[in-house]
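# Working through the structure, step by step
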Amino acid sequence: MTKSELIKAIAEHGELSRADAEIALLAVQHSITEALAKGDRITLPGFGTFKVITTAARTGRNPQTGEPVDIPAKRKVKFTPNEKLKDLVKA
């Protein structure tokens, strides 16, 4: 699904104009982005949870040469789907 298809679906489902649906989508994106940048957890009941995790620094291998490579620690966004969403995807 593309962004324009999502905006169209939001507009139809929420009985909004496409312009209002796009504003709503951008507001949600902005709010989620800001919260995750601060390290907050976002829980959407019936959908899932977004959270920031930190991976540990580790040593990897260059696949071409086999030489060890230091991989620094970093922060990542993790999404954990709700059971309802998992069941819908499985069906």
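Residues numbered from 1 in each chain as written. Predicted model: local features only at pLDDT ≥ 70, side-chain atom pairs only at ≥ 80, totals over all residues. Heavy atoms only, no water.

## Considerations on the packing of aromatic side chains
For clarity, the cut-off: Two aromatic rings from Phe, Tyr or Trp, using only the six-membered ring of Trp, form a pair when their centres are within 6.5 Å; if the ring planes differ by under 30 degrees the pair is stacked, by over 60 it is edge-to-face, and anything between is tilted. Helical segments are the DSSP runs of H or I of at least four residues, strand segments are the runs of E of at least two, and each set is numbered from the N terminus. Exposure is judged per residue with a 1.4 Å probe applied to protein chains only, and the accessible area is read against the type maximum: over 50% gives exposed, under 20% gives buried, and values in between give partly exposed.
Within this structure, the stated rule accounts for two aromatic pairs. Between the aromatic rings of Phe 47 and Phe 79, the centroid separation amounts to 5.3 Å while the plane-to-plane angle is 50°, which identifies the pairing as tilted. Of this pair, Phe 47 sits in the loop between β1 (42–44) and β2 (48–55) while Phe 79 sits in strand β5 (residues 74–81), placing them 32 residues apart in sequence. Looking at Phe 47, the relative accessible area reads 37%, which means it is partly exposed. Here Phe 50 and Phe 79 contribute two aromatic rings whose centre-to-centre distance is 4.8 Å and whose plane-to-plane angle is 45°, an arrangement assigned as tilted. Of this pair, Phe 50 sits in strand β2 while Phe 79 sits in strand β5, and the two are 29 residues apart along the sequence.

## Things to note about the domain arrangement of the chain
How we decide: Segment limits for the domains were obtained from an automatic or database-derived domain assignment. Contacts between residues were defined by any pair of non-hydrogen atoms, one from each residue, lying within 4.5 Å. Simply put, the buried area is the total loss of 1.4 Å probe accessible area from both parts when two parts are fitted together.
Parsing the chain into structural domains produces domain 1 (1–38) and domain 2 (40–90). Put simply, the middle of domain 1 and the middle of domain 2, counted by C-alpha atoms, are 24 Å apart. Across the contact, five residues belong to domain 1 and seven residues belong to domain 2. Both sides of the domain 1 and domain 2 interface together cover about 530 Å² of buried area, and 66% of this is carbon and sulfur.

## What about the pattern of salt bridges?
How we decide: Salt bridges are counted wherever a side-chain nitrogen of Lys or Arg sits within 4 Å of a carboxyl oxygen of Asp or Glu.
Across all of its chains, the model carries one salt bridge by this definition. Put simply, Lys 86 and Glu 83 hold a salt bridge, and the shortest N to O gap is 3.5 Å. Here Lys 86 and its partner Glu 83 are both found in helix α3 (residues 83–90), three residues apart, which amounts to about one turn of the helix. Note on Lys 86: relative accessible area 33%, which makes it partly exposed.

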